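Descriptive structure summary
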Amino acid sequence: MEVVLHLPAVPNVELVAAKAVETLGEALGMDRDGIEAVSVALVEACLNAMEHGGSSFIVRLAKESGKPSRMRVEVEDQGRGFDPDACPPDDSTRVHGCVSKRGWGLTLIRELMDDVQISSKPGKTRVCMWKELENAP
Amino acid sequence: MNEPQINLKTTVLDDGLGLISAAGYINNEGGQAVADAASELVGGGCNSLVIDLDGTRIINSIGVSILLEIMEKIMEGDGKLAFCNLTPTIAKTFEIMGLDQYAGIFPDREAAVTSFAIDGTT
């Protein structure tokens with residue numbers, strides 16, 4: 001079971017991807033909390049793709065069998081790329097009084113998902129993330 | 001769960017305590033709508049606010065950043081901010097981004113409002 005979305009970089013298109021997570025997650029037996037965590041992580045990945053990736057991007061959702069089985073979520077764009085190792089986890093203590101409160105996307109993705117792999121080079125960035133399907137049949 | 005438009009309702013609960021009920025997607029637009037509602041309540045004399053997110057299932061980091069700015073303005077006025085009815089994912093997002101260090105997080109509206117009464121903040 002796989003869902004592939006080719007999305008234009010237009011306002012609120014990330015909600016289309018989130019809706020796909022909801023539909024597939026329910027079909028796969030994922031609980032509500034899991035679906036919402038994946039949705040927020042995917043929304044952040046979509047926002048990054050739109051901000052840095054150009055006019056369109058691709059979202060792929062799929063079930064991966066195994067023990068435990070997992071939902072795999074990929075977001076691929078054709079932007080200029082970045083060094084994921086140069087984006088260390090954010091520190092919540094920096095929030096209060098800090099002028100810039102942006103740049104939390106990757107941190108949220110890493111915290112909300114069970115596993116995250118990022119590959120990036122000029123012209124192709126792929127964020128691949130997984131969430132366990134605890135209640136899957 | 002993914003309505004792009006946010007529905008807001010504001011109420012003055014008690015002297016100095018305002019309530020914002022927000023249901024919908026808290027992104028840049030949704031967050032700004034909440035910020036505008038907060039400014040209106042503060043301008044009307046509320047120095048502390050409860051933001052009830054019952055009906056909000058999805059947020060993004062830009063929207064939460066705007067909520068952080070609301071929190072800072074409330075704190076500058078010696079007021080307090082509380083949230084209630086958060087989904088587990090939204091609660092975790094607030095924790096990751098540090099919002100829970102400065103704002104109260106409560107399971108429901110009654111608990112949030114009661115905390116101000118106990119506190120004597122309003």
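Please read all numbers here as calculations on a predicted model, not as lab measurements.

1. Here's the deal with the sheet that holds strand β3 (residues 70-77) of chain A
Residues and elements named next belong to chain A.
- Spatially, β1-β2-β3-β5-β4 is the arrangement adopted by the five strands of the open sheet, whose pairing is antiparallel. Strand pairing shows two members of the sheet lacking a second neighbour, β1 (2-8) and β4 (115-121), which therefore form its edges. For this sheet, the mean inter-axis angle between neighbouring strands, taken without regard to orientation, is 10 degrees.
- Here strand β2 (residues 56-64) runs beside β3; their pairing, made up of eight bridges, is antiparallel. In the strand pairing of β3, Ile 58 is matched with Glu 76.
- Helix-sheet contacts for helix α1 (residues 14-27) involve β1, β2 and β3, and the interaxial angle to β1 is about 170 degrees.
- Running over the sheet, helix α2 (residues 32-52) touches β2, β3 and β5 (124-132) and is turned about 10 degrees from β3.

2. Here we look at the interface of chain A and chain B
- Each partner contributes to the interface: chain A provides 30 residues, whereas chain B provides 30 residues.
- Where chain A abuts chain B, roughly 2,500 Å² becomes buried across the two surfaces, and 61% of that area is made up of carbon and sulfur atoms.
- Between chain A and chain B we count one salt bridge in total.
- As a salt-bridge pair, Arg57(B) and Glu36(A) come within 2.8 Å of each other at their nearest N and O atoms.
- Where the side of chain A that touches chain B is concerned, the elements lending two or more residues are α1, α2 and α3 (105-112) of chain A.
- Looking at the side of chain A that touches chain B element by element, the count peaks at 10 residues for α2(A).
- For the side of chain A that touches chain B, a count of residues per class yields 12 nonpolar, eight polar and 10 charged.

3. Examining the pattern of salt bridges
Residues and elements named next belong to chain A.
- Overall, the coordinates contain 13 salt bridges over all chains when judged by the stated rule.
- Here Lys 19 and Glu 22 are joined by a salt bridge, their closest N and O atoms 3.4 Å apart. Here the residue Lys 19 and the residue Glu 22 both occupy positions in helix α1, the gap between them amounting to three residues, near one helical turn.
- The class of Lys 19 is partly exposed, set by a relative accessible area of 44%.
- Looking at Glu 22, the relative accessible area reads 8%, which means it is buried.
- It is possible to trace a salt-bridge network through shared partners that takes in Glu 2, Arg 60, Glu 64, Arg 70, Arg 72, Glu 74, Glu 76 and Arg 126.

4. A few points about the pairing of β5(A)
All names here are of chain A.
- Strand direction decides the pairing type here: β3 and β5, joined by eight bridges, are antiparallel. Opposite Met 71, over in β5, you have Lys 131 as the bridge partner.
- When β4 meets β5, the two strands line up antiparallel, connected through seven bridges. Of the residues in β5, the one forming a bridge with Ile 118 is Val 127.
- What sits between β4 and β5 in their antiparallel hairpin is a turn of two residues, with Gly 123 showing a positive phi close to 95 degrees.

5. Quick word on the environment of Cys84(B)
Residue and element names in this part refer to chain B.
- Locating Cys 84 in the fold gives a position in strand β4 (residues 81-84).
- Between the C-alpha atom of Cys 84 and that of Ile 105, which follows or precedes it by 21 residues, the distance is 5.8 Å.
- Once residues within four sequence positions are removed from consideration, Cys 84 is found in contact with Val 50, Ile 51, Asp 52, Leu 53, Asp 54, Phe 106, Asp 108, Arg 109 and Ala 112.

6. Topic: the confidence of the model for chain B
- Averaged over all residues, the pLDDT of chain B is 91; the fraction at 70 or higher stands at 93%.
- On the interface metric, ipTM, the complex scores 0.89, and its pTM is 0.89.

7. Some remarks on helix α1 (residues 28-43) of chain B
Residue and element names in this part refer to chain B.
- Taking 1.5 Å of rise per residue, 16 residues should cover 22 Å, and α1 covers 22 Å from first to last C-alpha, within 8% of that figure.
- Buried positions along α1 lie against β1 (7-14), β2 (17-23), β3 (48-52) and α2 (61-76).
- Among the residues of α1, the N-terminal cap falls to Asn 27, whose side-chain oxygen and the backbone nitrogen of Glu 29 are separated by 3.2 Å.
- Gly 45, located one to two residues past α1, shows a positive phi value of around 110 degrees.

8. A few points about the side chain of Asp52(B)
All names here are of chain B.
- Mapped onto the fold, Asp 52 is located in strand β3.
- Take Asp 52: its relative accessible area is 4%, and that puts it in the buried class.
- In this structure the side chain of Asp 52 is engaged in a polar contact, spanning 2.9 Å, whose partner is the side chain of Asn 85.
- Residue contacts for Asp 52: discarding those within four places in its chain leaves Leu 19, Ile 20, Ser 21, Ala 22, Cys 84, Asn 85 and Arg 109.

Reading guide: rules and limits
Residue numbers here run from 1 along each chain, matching the order of that chain's written sequence. For naming, the first written chain is A and the first written ligand is 1, with later ones following in the order written. Where totals are concerned, whole chains, interfaces and linings use all residues; where local detail is concerned, this predicted model gives features only for residues with pLDDT of at least 70, and gives and counts side-chain atom pairs only at 80 or more. Side-chain calculation: all heavy atoms of the structure are included, whereas hydrogens and water are not. A pair of strands is considered paired only if DSSP assigns at least 2 bridges between the two. Every helix listed is a DSSP run of H or I at least four residues long, and every strand listed is a run of E at least two residues long, numbered separately from the N terminus. Simply put, an axis is a line fit to the C-alpha atoms, just over the touching stretch for a helix, and the angle between two N-to-C directions goes from 0 to 180 degrees. A contact between two residues is defined here by any heavy atoms of the two lying within 4.5 Å. Put simply, buried area is the surface a 1.4 Å probe can reach on two separate parts but cannot reach once they are joined, added for both. Throughout this description, the term salt bridge denotes a Lys or Arg side-chain nitrogen within 4 Å of a carboxyl oxygen of Asp or Glu. Under this grouping Gly is polar, as are all residues other than the nonpolar Ala, Val, Leu, Ile, Met, Phe, Trp, Tyr, Cys and Pro and the charged Asp, Glu, Lys and Arg. Exposure classes here rest on a 1.4 Å probe applied to the protein chains alone. A residue is buried below 20% of its type maximum, exposed above 50%, and partly exposed in between. A score from 0 to 100, pLDDT tells how confident the predictor is in each residue. The length a helix should cover is 1.5 Å for every residue beyond the first. Under this definition, polar contacts are N or O atom pairs within 3.5 Å; protein pairs additionally need one hydrogen-donor-capable and one acceptor-capable atom, and for neighbouring residues in sequence, both atoms have to be side-chain atoms.

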